[in-house]
Amino acid sequence: MLNNPLVEVKHLQKTVSAHFGLLKILNGVNFAIYTKETIAILGASGSGKSSLLSIMAGLDPEYEGSVHLFGQELKDLNEDQRSALRKNDVGFVFQSFLLIPELNAFQNICLPLEISGLINPQTTDFANSLLTRIGLSDRSNHYPATMSGGEQQRIALARAFITKPKILFLDEPTGSLDTENGQRIIELLFELNQDFGTTIVMVTHDTEVSQLCDKVLTLKAGSLV
Ligand SMILES: Nc1ncnc2c1ncn2[C@@H]1O[C@H](COP(=O)(O)OP(=O)(O)OP(=O)(O)O)[C@@H](O)[C@H]1O
Ligand SMILES: [Mg+2]
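Being a predicted model, the structure only gives us computed values, none of them experimental. (Residues numbered from 1 in each chain as written. Chains lettered and ligands numbered in written order. Predicted model: local features only at pLDDT ≥ 70, side-chain atom pairs only at ≥ 80, totals over all residues.)

Comments concerning the environment of Ala145
Inference 1: Looking at the element boundaries, Ala145 is found in the loop between α4 (121-133) and α5 (149-161).
Inference 2: Given 9 C-beta atoms within a 10 Å radius, Ala145 is considered exposed. (Helix = DSSP H or I, 4+ residues; strand = E, 2+ residues; numbered from the N terminus. Buried ≥ 20, exposed ≤ 12 C-beta atoms within 10 Å, placed from the backbone.)

Rendered as C-alpha coordinates:
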(Lines give C-alpha, C1' and ligand atoms only; values in the text may rest on other atoms or scores of the structure.)
(Ligands and ions follow the chains in the order given, each with its own letter.)
Protein backbone atom coordinates (compact mmCIF):
# COMPACT_ATOMS: atom_id res chain seq x y z
CA MET A 1 0.00 0.00 0.00
CA LEU A 2 2.87 2.32 0.89
CA ASN A 3 3.81 3.02 -2.70
CA ASN A 4 0.30 3.59 -4.02
CA PRO A 5 -0.12 7.15 -5.26
CA LEU A 6 -2.39 9.51 -3.31
CA VAL A 7 -3.42 11.08 -6.60
CA GLU A 8 -3.22 9.44 -10.01
CA VAL A 9 -4.21 11.36 -13.12
CA LYS A 10 -4.45 9.59 -16.48
CA HIS A 11 -5.44 11.07 -19.84
CA LEU A 12 -7.31 13.86 -18.07
CA GLN A 13 -9.33 16.16 -20.29
CA LYS A 14 -11.66 18.93 -19.26
CA THR A 15 -13.95 20.70 -21.70
CA VAL A 16 -16.17 23.67 -20.90
CA SER A 17 -18.66 25.50 -23.07
CA ALA A 18 -17.68 29.04 -23.90
CA HIS A 19 -19.72 31.55 -25.89
CA PHE A 20 -17.88 30.55 -29.09
CA GLY A 21 -18.29 26.79 -28.55
CA LEU A 22 -16.46 24.09 -26.63
CA LEU A 23 -13.17 24.99 -25.00
CA LYS A 24 -10.68 22.30 -23.96
CA ILE A 25 -9.01 23.61 -20.80
CA LEU A 26 -7.14 20.40 -19.87
CA ASN A 27 -5.86 18.17 -22.62
CA GLY A 28 -4.37 14.74 -21.88
CA VAL A 29 -2.71 15.31 -18.50
CA ASN A 30 -0.87 12.38 -16.82
CA PHE A 31 0.99 12.27 -13.49
CA ALA A 32 0.96 10.73 -10.01
CA ILE A 33 1.52 12.19 -6.54
CA TYR A 34 2.88 10.10 -3.67
CA THR A 35 2.74 10.49 0.11
CA LYS A 36 4.82 13.31 1.57
CA GLU A 37 5.75 14.76 -1.80
CA THR A 38 5.76 18.50 -2.37
CA ILE A 39 4.47 19.43 -5.83
CA ALA A 40 4.46 22.81 -7.54
CA ILE A 41 2.13 23.55 -10.45
CA LEU A 42 3.40 26.32 -12.69
CA GLY A 43 1.92 27.89 -15.82
CA ALA A 44 0.70 31.12 -17.31
CA SER A 45 -2.64 32.61 -16.37
CA GLY A 46 -5.43 30.59 -18.01
CA SER A 47 -3.26 27.49 -18.53
CA GLY A 48 -5.61 25.35 -16.40
CA LYS A 49 -3.89 25.29 -12.99
CA SER A 50 -6.93 26.05 -10.83
CA SER A 51 -9.09 23.74 -12.91
CA LEU A 52 -6.62 20.88 -12.41
CA LEU A 53 -6.41 21.53 -8.67
CA SER A 54 -10.23 21.50 -8.25
CA ILE A 55 -10.50 18.20 -10.11
CA MET A 56 -7.74 16.52 -8.07
CA ALA A 57 -9.30 17.71 -4.82
CA GLY A 58 -12.66 16.18 -5.75
CA LEU A 59 -14.40 19.53 -6.13
CA ASP A 60 -15.16 19.10 -9.84
CA PRO A 61 -16.20 15.65 -11.13
CA GLU A 62 -16.92 16.87 -14.67
CA TYR A 63 -13.92 15.54 -16.59
CA GLU A 64 -12.88 12.84 -19.04
CA GLY A 65 -10.09 10.38 -18.38
CA SER A 66 -9.25 9.10 -14.95
CA VAL A 67 -8.47 10.82 -11.64
CA HIS A 68 -7.96 8.71 -8.53
CA LEU A 69 -7.75 10.27 -5.08
CA PHE A 70 -6.82 7.82 -2.29
CA GLY A 71 -7.42 5.06 -4.84
CA GLN A 72 -10.97 6.11 -5.78
CA GLU A 73 -12.10 7.33 -9.19
CA LEU A 74 -13.60 10.72 -8.33
CA LYS A 75 -16.12 10.97 -11.16
CA ASP A 76 -17.64 7.62 -10.10
CA LEU A 77 -18.54 9.02 -6.67
CA ASN A 78 -21.59 11.13 -5.88
CA GLU A 79 -21.26 14.43 -4.04
CA ASP A 80 -21.76 12.89 -0.59
CA GLN A 81 -19.17 10.21 -1.28
CA ARG A 82 -16.68 12.78 -2.53
CA SER A 83 -17.24 14.97 0.48
CA ALA A 84 -16.77 11.94 2.78
CA LEU A 85 -13.51 11.14 0.97
CA ARG A 86 -12.29 14.73 1.43
CA LYS A 87 -13.41 15.13 5.01
CA ASN A 88 -10.42 15.54 7.35
CA ASP A 89 -7.98 14.16 4.78
CA VAL A 90 -8.03 16.89 2.14
CA GLY A 91 -7.29 20.55 2.79
CA PHE A 92 -7.86 23.21 0.17
CA VAL A 93 -6.81 26.85 0.09
CA PHE A 94 -8.64 28.68 -2.67
CA GLN A 95 -7.34 31.52 -4.80
CA SER A 96 -10.09 33.58 -3.15
CA PHE A 97 -9.91 32.63 0.50
CA LEU A 98 -13.62 31.95 1.13
CA LEU A 99 -13.55 32.76 4.83
CA ILE A 100 -16.93 32.96 6.54
CA PRO A 101 -17.58 36.66 7.22
CA GLU A 102 -19.71 36.00 10.32
CA LEU A 103 -16.96 33.99 12.02
CA ASN A 104 -13.83 35.45 13.61
CA ALA A 105 -10.30 34.22 12.81
CA PHE A 106 -10.28 31.48 15.45
CA GLN A 107 -13.79 30.29 14.54
CA ASN A 108 -12.91 30.22 10.84
CA ILE A 109 -9.86 28.07 11.56
CA CYS A 110 -11.93 25.72 13.74
CA LEU A 111 -14.82 25.38 11.26
CA PRO A 112 -13.66 22.01 9.82
CA LEU A 113 -13.38 20.67 13.39
CA GLU A 114 -16.84 21.97 14.20
CA ILE A 115 -18.26 20.26 11.10
CA SER A 116 -16.55 16.98 12.00
CA GLY A 117 -17.46 17.16 15.70
CA LEU A 118 -13.78 17.30 16.64
CA ILE A 119 -13.74 20.37 18.90
CA ASN A 120 -11.86 19.51 22.10
CA PRO A 121 -9.09 21.09 24.21
CA GLN A 122 -6.39 19.37 22.16
CA THR A 123 -7.68 20.51 18.77
CA THR A 124 -8.37 24.06 19.98
CA ASP A 125 -4.80 24.17 21.37
CA PHE A 126 -3.64 23.17 17.90
CA ALA A 127 -5.77 25.98 16.40
CA ASN A 128 -4.06 28.44 18.75
CA SER A 129 -0.63 27.09 17.87
CA LEU A 130 -1.45 27.52 14.16
CA LEU A 131 -2.53 31.12 14.83
CA THR A 132 0.87 31.70 16.40
CA ARG A 133 2.69 29.98 13.54
CA ILE A 134 0.98 32.24 10.99
CA GLY A 135 1.84 35.27 13.13
CA LEU A 136 -1.77 36.18 13.96
CA SER A 137 -2.19 35.10 17.59
CA ASP A 138 -3.34 38.63 18.46
CA ARG A 139 -6.08 38.53 15.80
CA SER A 140 -7.95 35.49 17.12
CA ASN A 141 -11.25 37.36 17.54
CA HIS A 142 -10.97 39.56 14.45
CA TYR A 143 -13.49 39.14 11.61
CA PRO A 144 -12.37 38.70 7.95
CA ALA A 145 -13.69 42.16 6.96
CA THR A 146 -11.23 43.72 9.40
CA MET A 147 -8.22 41.78 8.12
CA SER A 148 -5.93 42.43 5.15
CA GLY A 149 -5.91 40.08 2.15
CA GLY A 150 -2.66 38.54 3.36
CA GLU A 151 -4.02 38.00 6.86
CA GLN A 152 -7.15 36.36 5.44
CA GLN A 153 -4.97 34.13 3.28
CA ARG A 154 -3.00 32.99 6.33
CA ILE A 155 -6.25 32.22 8.21
CA ALA A 156 -7.47 30.23 5.19
CA LEU A 157 -4.22 28.24 5.30
CA ALA A 158 -4.58 27.49 9.02
CA ARG A 159 -8.20 26.42 8.43
CA ALA A 160 -7.12 24.06 5.65
CA PHE A 161 -4.56 22.50 7.96
CA ILE A 162 -6.58 22.21 11.17
CA THR A 163 -7.57 18.56 10.61
CA LYS A 164 -3.96 17.63 9.67
CA PRO A 165 -5.02 16.45 6.22
CA LYS A 166 -3.09 13.82 4.28
CA ILE A 167 -2.95 16.17 1.31
CA LEU A 168 -3.16 19.92 1.09
CA PHE A 169 -4.03 21.70 -2.18
CA LEU A 170 -3.20 25.39 -2.40
CA ASP A 171 -3.99 27.83 -5.18
CA GLU A 172 -1.31 30.53 -5.10
CA PRO A 173 -0.91 30.51 -1.31
CA THR A 174 1.42 33.51 -1.39
CA GLY A 175 -0.47 35.45 -4.06
CA SER A 176 -1.65 38.19 -1.69
CA LEU A 177 1.38 38.28 0.56
CA ASP A 178 4.45 40.51 0.75
CA THR A 179 7.84 38.78 0.53
CA GLU A 180 8.25 38.35 4.30
CA ASN A 181 4.79 36.90 4.93
CA GLY A 182 5.03 34.85 1.74
CA GLN A 183 8.27 33.32 2.98
CA ARG A 184 6.66 32.62 6.34
CA ILE A 185 3.82 30.71 4.68
CA ILE A 186 6.19 28.72 2.50
CA GLU A 187 8.33 27.84 5.53
CA LEU A 188 5.20 26.80 7.40
CA LEU A 189 4.11 24.59 4.49
CA PHE A 190 7.44 22.79 4.38
CA GLU A 191 7.38 22.42 8.19
CA LEU A 192 3.90 20.86 8.01
CA ASN A 193 5.21 18.58 5.27
CA GLN A 194 8.13 17.52 7.49
CA ASP A 195 6.30 17.35 10.85
CA PHE A 196 3.09 15.67 9.74
CA GLY A 197 4.04 14.09 6.42
CA THR A 198 1.40 16.21 4.69
CA THR A 199 1.56 16.02 0.91
CA ILE A 200 1.59 19.54 -0.51
CA VAL A 201 0.28 20.43 -3.98
CA MET A 202 0.49 24.13 -4.74
CA VAL A 203 -0.11 26.38 -7.67
CA THR A 204 2.50 29.10 -7.70
CA HIS A 205 3.98 31.72 -10.00
CA ASP A 206 7.14 31.79 -7.91
CA THR A 207 9.93 29.75 -9.50
CA GLU A 208 12.05 30.08 -6.33
CA VAL A 209 9.27 28.32 -4.40
CA SER A 210 8.85 25.68 -7.09
CA GLN A 211 12.57 24.88 -6.87
CA LEU A 212 12.07 23.88 -3.22
CA CYS A 213 9.49 21.27 -4.25
CA ASP A 214 10.15 17.61 -5.06
CA LYS A 215 8.37 17.85 -8.40
CA VAL A 216 7.28 20.65 -10.71
CA LEU A 217 4.35 20.25 -13.12
CA THR A 218 4.24 22.97 -15.76
CA LEU A 219 0.99 23.52 -17.65
CA LYS A 220 0.85 25.17 -21.02
CA ALA A 221 -2.60 25.61 -22.58
CA GLY A 222 -3.99 22.64 -20.68
CA SER A 223 -1.09 20.19 -21.26
CA LEU A 224 1.97 19.34 -19.18
CA VAL A 225 5.26 20.39 -20.71
N1 LIG B 1 -16.47 27.17 -16.01
C2 LIG B 1 -15.75 27.70 -16.99
N3 LIG B 1 -16.35 28.10 -18.15
C4 LIG B 1 -15.64 28.61 -19.16
N5 LIG B 1 -14.31 28.75 -19.14
C6 LIG B 1 -13.67 28.37 -18.03
C7 LIG B 1 -14.34 27.83 -16.90
N8 LIG B 1 -13.42 27.56 -15.94
C9 LIG B 1 -12.24 27.92 -16.46
N10 LIG B 1 -12.37 28.40 -17.70
C11 LIG B 1 -11.28 28.84 -18.59
O12 LIG B 1 -10.32 27.80 -18.59
C13 LIG B 1 -9.02 28.32 -18.63
C14 LIG B 1 -8.22 27.81 -17.44
O15 LIG B 1 -8.73 28.40 -16.25
P16 LIG B 1 -8.00 28.24 -14.86
O17 LIG B 1 -8.77 29.01 -13.86
O18 LIG B 1 -7.79 26.80 -14.59
O19 LIG B 1 -6.59 28.95 -15.16
P20 LIG B 1 -5.35 29.24 -14.21
O21 LIG B 1 -4.17 28.58 -14.83
O22 LIG B 1 -5.69 28.88 -12.82
O23 LIG B 1 -5.19 30.83 -14.35
P24 LIG B 1 -4.76 31.95 -13.24
O25 LIG B 1 -3.27 31.87 -13.12
O26 LIG B 1 -5.19 33.22 -13.89
O27 LIG B 1 -5.49 31.67 -11.98
C28 LIG B 1 -9.17 29.82 -18.67
O29 LIG B 1 -9.05 30.23 -20.01
C30 LIG B 1 -10.55 30.06 -18.12
O31 LIG B 1 -11.11 31.24 -18.67
MG1 LIG C 1 -6.00 30.03 -11.10
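Comments concerning the site of ligand 1
Inference 1: Lining the immediate surroundings of ligand 1 are 13 residues, of which Ile25, Ser45, Lys49, Ser50 and Ser51 lie closest.
Inference 2: Those elements that place two or more of their residues in the shell around ligand 1 are β1 (7-18), β2 (21-33) and α1 (49-56).
Inference 3: No other element matches α1, which puts three residues into the shell around ligand 1.
Inference 4: In the shell around ligand 1, the residues fall into four nonpolar, eight polar and one charged. (Near = placed C-beta within 6 Å. Nonpolar A, V, L, I, M, F, W, Y, C, P; charged D, E, K, R; others polar.)

Points about the packing of helix α3 (residues 105-116) against α5
When two helices pack together, their arrangement is given by the angle between the helix axes and the distance between those axes.
Inference 1: Where α3 contacts α5, the axes come no closer than 7 Å and their chain directions differ by 30°. As summarised for this structure, α3 and α5 are arranged roughly parallel, according to the angle between their axes. The handedness of the crossing between α3 and α5 comes out as right-handed. Across the interface between the two elements, Ala105, Asn108, Ile109, Leu111 and Pro112 of α3 pack against Ile155, Ala158 and Arg159 of α5.
Inference 2: Each residue belonging to the contact of α3 with α5 can be placed in one class, and the counts come to six nonpolar, one polar and one charged. (Axes fitted to C-alpha atoms, helices over the stretch in contact; angles between N-to-C directions. Parallel < 35°, antiparallel > 145°, perpendicular 65-115°, else oblique. Left-handed = near helix turned anticlockwise from the far one by under 90°. Contact = placed C-beta atoms within 7 Å.)

Description of the sheet that holds strand β8 (residues 199-203)
Inference 1: Ordered in space as β6-β7-β8-β3-β9-β10, the six strands form an open sheet in which the pairing is mixed. Two strands close off the open sheet at either side, each with one partner strand: β6 (90-93) and β10 (223-224).
Inference 2: Where β6 meets strand β7 (residues 167-171), four bridges bridge the pair, whose relative direction is parallel. Note on β7: the bridge partner recorded for Gly91 is Leu168. (Pairing = 2+ DSSP bridges.)

Here's the deal with unusual backbone geometry
Inference 1: At Asn88, a residue that is not glycine, the phi angle is positive and equals roughly 70°.
Inference 2: Within the secondary structure, Asn88 sits in the loop between α2 (79-86) and β6.
Inference 3: Asn88 gets classed as partly exposed once you count the C-beta atoms within 10 Å, which come to 17.
Inference 4: Phi is positive for Leu98, close to 55°, though the residue is something other than glycine.

Thoughts on the packing of α3 against α4
Inference 1: Running from amino to carboxyl end, α3 crosses α4 at an angle of 130°, the nearest separation of the two axes being 10 Å. Between α3 and α4, the crossing angle belongs to the class labelled oblique. In this structure, α3 meets α4 at a crossing whose hand is right-handed. Counting all contacts with α3, which are made through Ala105, Phe106, Ile109, Cys110 and Leu113, the residues of α4 involved are Thr123, Thr124, Ala127, Leu130 and Leu131.
Inference 2: A breakdown of the residues in the contact of α3 with α4 according to their chemical character gives eight nonpolar, two polar and no charged.

A short note on the nonpolar core
Inference 1: Ile41, Met56, Ile109, Ala158, Phe169 and Val201 are the most contacted members of the largest nonpolar core, which totals 57 residues.
Inference 2: In this view, Met56 contacts Val7, Val9, Val67, Leu69, Phe169 and Val201; residues no more than four positions away in its chain are not counted. (Core = buried A, V, L, I, M, F, W, Y, C linked by C-beta atoms within 7 Å.)

Description of the pairing of β8
Inference 1: Counting buried residues in β8 gives five out of five residues, a clear majority hidden from the surface.
Inference 2: Neither face of β8 is open: one carries Thr199, Val201 and Val203, the other Ile200 and Met202, and all of them are buried.
Inference 3: The pairing of strand β3 (residues 38-43) with β8 spans four bridges and is classified as parallel. Paired with Ile41 across the bridge in β8 is Val203.
Inference 4: Pairing geometry for β7 and β8, over five bridges, is parallel. Bridge pairing links Ile167 to Thr199 in β8.
Inference 5: Between β7 and its parallel partner β8, the chain crosses via helix α6 (residues 179-196), and the hand of that crossover is right-handed. (Right-handed = clockwise from strand over helix to strand, strands pointing away.)

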